[in-house]
Amino acid sequence: MVWALRLWMIAGGLLIALGAFGVVADAVSLGFDFGVLALDFLIAILGVVYLLLGAKTYRGAVQWRSSLSALTCVVVAMLLPLTIGFQSAGLAIVLAVAVVGLFGSVLAYRPPADRWFKCKLGDCPPEDPEDSDR
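About the thresholds
- Residues numbered from 1 in each chain as written.
- Predicted model: local features only at pLDDT ≥ 70, side-chain atom pairs only at ≥ 80, totals over all residues.
- Heavy atoms only, no water.
- Helix = DSSP H or I, 4+ residues; strand = E, 2+ residues; numbered from the N terminus.
- Contact = heavy atoms within 4.5 Å.
- Areas by Shrake-Rupley, 256 points an atom, 1.4 Å probe, with all protein chains shown as cover.
- Buried < 20%, exposed > 50% of the residue type's maximum accessible area, 1.4 Å probe, protein only.
- Arc of directions from axis to C-beta.
- Phe/Tyr/Trp six-rings, centres within 6.5 Å; stacked < 30°, edge-to-face > 60°.
- Lys NZ or Arg CZ within 6 Å of the ring centre and 35° of its normal.
- Core = buried A, V, L, I, M, F, W, Y, C linked by side-chain atoms within 4.5 Å.

*Asks:* Explanation requested: the overall build of the protein in the structure shown.
*Replies:* Across its full length, the protein carries five helices and zero strands. Reading the helices (α) and strands (β) of the protein from amino to carboxyl end gives α-α-α-α-α. The long-range fraction of contacts in the protein, counting pairs at least 24 apart against all pairs at least 6 apart in sequence, stands at 69%. Accessible surface, the protein: about 7,600 Å² in total, of which carbon and sulfur atoms supply 74%.

Below, the structure written as C-alpha cells:
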C-alpha cells in the first residue's frame, strides 16, 4: 500500500524539520544548552532513520517493514509518557508526527498492503480495481 510508505516518509521528513528547527531555535534562544540541543538532534536523527528504513521497505524486503513498524510503536510509546510528564508543547507536536508514522504502520499490515510489500519490482500482480481507492 503506497499510503503506508507515504505516511512513513511524511513522518520522517517532518521529524527532520522539527529537529532542525528545534536545534536552530534553541541555539538562538538558550545558547548552547547541550541537553536541549541533544534532544532536538535526536529527533532529527529519528527522522533520518524513518526515511532510510522507509526507503528499504519499498518492495520485497518484508523485514524492514516490520523493523520500521516496531520503531514507530516504540517511539510513540516512549513519547507519550514524556509528553505528559514534561507537559511540553514541543514534544506534543513530535508525538503527533510520530502518530502519523504509526498510522503508516497500521496501514502496512492490511491485506492489500501485504501483497504490495511482498512483491518485487516488475513482477507484481495487477491491483484489484476495488483496492485502488484505498
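Having seen it, we continue.
*Asks:* Sorry if this is basic, but what is going on with helix α5 (residues 111–118) here?
*Replies:* For an α-helix, the turn length of 3.6 residues means that residues three or four places apart are oriented alike. Turning to α5, its buried residues number three or more, namely Pro112, Ala113, Trp116 and Phe117. Angularly, the buried residues of α5 cover 130 degrees about the axis, an arc narrow enough to put them on a single face. Next to the buried residues of α5 lie α1 (2–30), α3 (62–86) and α4 (89–108).

*Asks:* How do you make sense of the packing of aromatic side chains when you look at a structure like this?
*Replies:* One pass over the structure, following the stated rule, counts zero aromatic pairs. The ring of tyrosine 109 carries arginine 65 above its face, with NZ or CZ at 4.3 Å from the centroid.

*Asks:* What should I look at first to understand the nonpolar core in this one?
*Replies:* Counting residues in each nonpolar core, the largest one holds 22 residues, and the members touching the most others are Trp8, Leu15, Tyr50, Val75, Leu79 and Phe117. For this core, the secondary structure elements donating two or more residues are α1, α2 (34–56), α3, α4 and α5. Sorting elements by how many residues they give to this core places α4 first, with six residues. Other than its neighbours up to four places away in sequence, tryptophan 8 contacts Tyr50, Thr57, Arg65, Leu68, Ser69, Thr72, Gly101, Gly104, Ser105, Ala108 and Phe117.

*Asks:* Where do I start with the environment of cysteine 119 in this structure?
*Replies:* Relative to the helices and strands, cysteine 119 is located in the segment after α5. The spatial distance from the C-alpha of cysteine 119 to the C-alpha of valine 62 is 9.5 Å, given a sequence separation of 57 residues.

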